[in-house]
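Residue-level structural notes
So you can see what is in the structure, the chains are spelled out below.
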Amino acid sequence: MSGNFIIEPPFGPNRAFLNKGGVMSHVLDGFSISGTFAFASGSFATPSYSLTAQEIASGAASSLRPNRVFSQSVHGAQTHVEWFNTAAFSSPADGTYGNASRNSIELPGTVSLSGSLSRTISFGETRSLEMRMTASNALNTVQYYGVSTQINSPTYGQVTSAAGMRSFTYVLRYRF
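Report follows, based on the coordinates. Worth saying up front: this structure is predicted, and the values here are computed from it rather than measured.

A closer look at the side chain of N137
Structurally, N137 can be placed in the loop between strand 8 (127-136) and strand 9 (167-175). Look at N137 and you get buried, because its relative accessible area is 9%.

If you want it as structure tokens, here you go:
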């Protein structure tokens with residue numbers, strides 16, 4: 001699910017509240033709050049293992065699938081060190097193909113909220129000053145991305161990358 005929003009508080013001239021003038025009417029006029037959000041479950045990945053030098057020499061030219069150990073659950077601790085249960089897969093015997101199914105490992109999902117607070121001050125009909133503060137990843141939620149699903153990799157089962165942390169951008173714009 002994803003979406004965006006824009007909120008203009010109802011304060012100031014030509015608004016529902018504090019519309020009769022005065023200091024507070026002008027202080028609270030021209031504000032806007034906007035943002036985007038995304039919530040998604042993770043996609044799926046297929047476990048694999050790299051070929052040995054002997055297998056490559058025999059003419060095989062791609063990665064193969066490991067065996068699925070059905071006595072172990074694929075669901076793991078979901079931490080950055082062990083996203084899924086690495087004991088759920090094992091290397092097949094030499095010269096055989098593994099039985100692990102496609103897309104059997106669920107990868108991390110997404111929880112993202114970015115937003116901005118802005119204020120526009122008008123100076124007549126054609127001139128205005130806009131001040132804006134934008135926060136990307138406003139909740140500072142860790143967004144895991146790459147997970148190593150290659151059984152003979154030193155990072156097997158680990159999260160290998162993450163999205164950027166919260167950041168702020170400030171804009172001052174004069175329109176004429």
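There is more to say, and it comes next.
Topic: the side chain of S148
In this fold, S148 is placed in the loop between strand 8 and strand 9. Exposure remark for S148: the relative accessible area of 10% places this residue in the buried category. Side chain to side chain, S148 and T155 meet in a polar contact 3.3 Å long. What S148 contacts, discounting residues up to four positions off in sequence, is F84, S153, T155, Y156, G157, Q158 and T160.

A few points about the pattern of salt bridges
A full pass over the atoms with the stated rule returns three salt bridges. Measuring nitrogen to oxygen at the nearest pair gives 2.6 Å for the salt bridge that ties E130 to R132. Linking R175 and E130 is a salt bridge whose minimum nitrogen-to-oxygen distance equals 2.8 Å. Taken together, the residues span a long stretch of sequence, with R175 in strand 9 and E130 in strand 8 at a distance of 45 residues. Note on R175: relative accessible area 36%, which makes it partly exposed. Look at E130 and you get buried, because its relative accessible area is 4%. Within the structure, one salt-bridge network assembled from shared partners comprises E130, R132, R173 and R175.

As for the packing of aromatic side chains
Under the definition given, this model contains six aromatic pairs. Judged by centre distance (5.9 Å) and plane angle (75°), the ring pair of W83 and Y144 falls under edge-to-face. Highlighted residues: W83 in the loop between strand 4 (67-68) and strand 5 (89-90) and Y144 in the loop between strand 8 and strand 9, separated in sequence by 61 residues. W83 gets classed as buried once you look at its relative accessible area, which sits at 9%. According to the relative accessible area criterion, Y144 is partly exposed, its value standing at 24%. When the centroid spacing of 6.3 Å and the interplanar angle of 75° are considered together, the rings of F84 and F89 count as edge-to-face. Residue F89 is classed as buried on the basis of its relative accessible area of 5%. Against the face of F89 rests R68, its NZ or CZ located 5.8 Å from the ring centre.

Notes on the pairing of strand 1 (residues 2-7)
A small share of strand 1 lies buried, amounting to zero of its six residues. Two strands pair when backbone bridges link them, and strand 1 and strand 2 (residues 31-40) are joined in this way by six bridges, in the antiparallel orientation. Bridge pairing in strand 2 places I6 opposite S34.

As for the sheet that holds strand 7 (residues 110-123)
If you trace the five strands from one edge of the open sheet to the other, you get 1-2-7-8-9, paired in antiparallel fashion. Two strands in the sheet have a free side with no partner beyond their single neighbour: strand 1 and strand 9. Between one strand and the next, the sheet's axes are offset by a mean angle of 10°, whatever the strand orientation. As judged from the nine bridges shared by strand 7 and strand 8, these two strands associate in the antiparallel manner. Across the sheet, R119 pairs through a bridge with M131, a residue of strand 8.

Here we look at the environment of M1
The topology assignment puts M1 in the segment before strand 1. The class of M1 is exposed, set by a relative accessible area of 69%. Linking M1 and L28, residues 27 residues apart in sequence, is a C-alpha distance of 32 Å. Contacts of M1, omitting those with residues within four sequence positions, involve F37, A38 and F39.

Reading guide: rules and limits
Residues numbered from 1 in each chain as written. Predicted model: local features only at pLDDT ≥ 70, side-chain atom pairs only at ≥ 80, totals over all residues. Heavy atoms only, no water. Helix = DSSP H or I, 4+ residues; strand = E, 2+ residues; numbered from the N terminus. Buried < 20%, exposed > 50% of the residue type's maximum accessible area, 1.4 Å probe, protein only. Polar contact = N/O pair within 3.5 Å; in protein donor to acceptor, adjacent residues only side chain to side chain. Contact = heavy atoms within 4.5 Å. Salt bridge = Lys/Arg side-chain N within 4 Å of Asp/Glu carboxyl O. Phe/Tyr/Trp six-rings, centres within 6.5 Å; stacked < 30°, edge-to-face > 60°. Lys NZ or Arg CZ within 6 Å of the ring centre and 35° of its normal. Pairing = 2+ DSSP bridges. Axes fitted to C-alpha atoms, helices over the stretch in contact; angles between N-to-C directions.

Treat this as a map of the structure, not an account of what it does.
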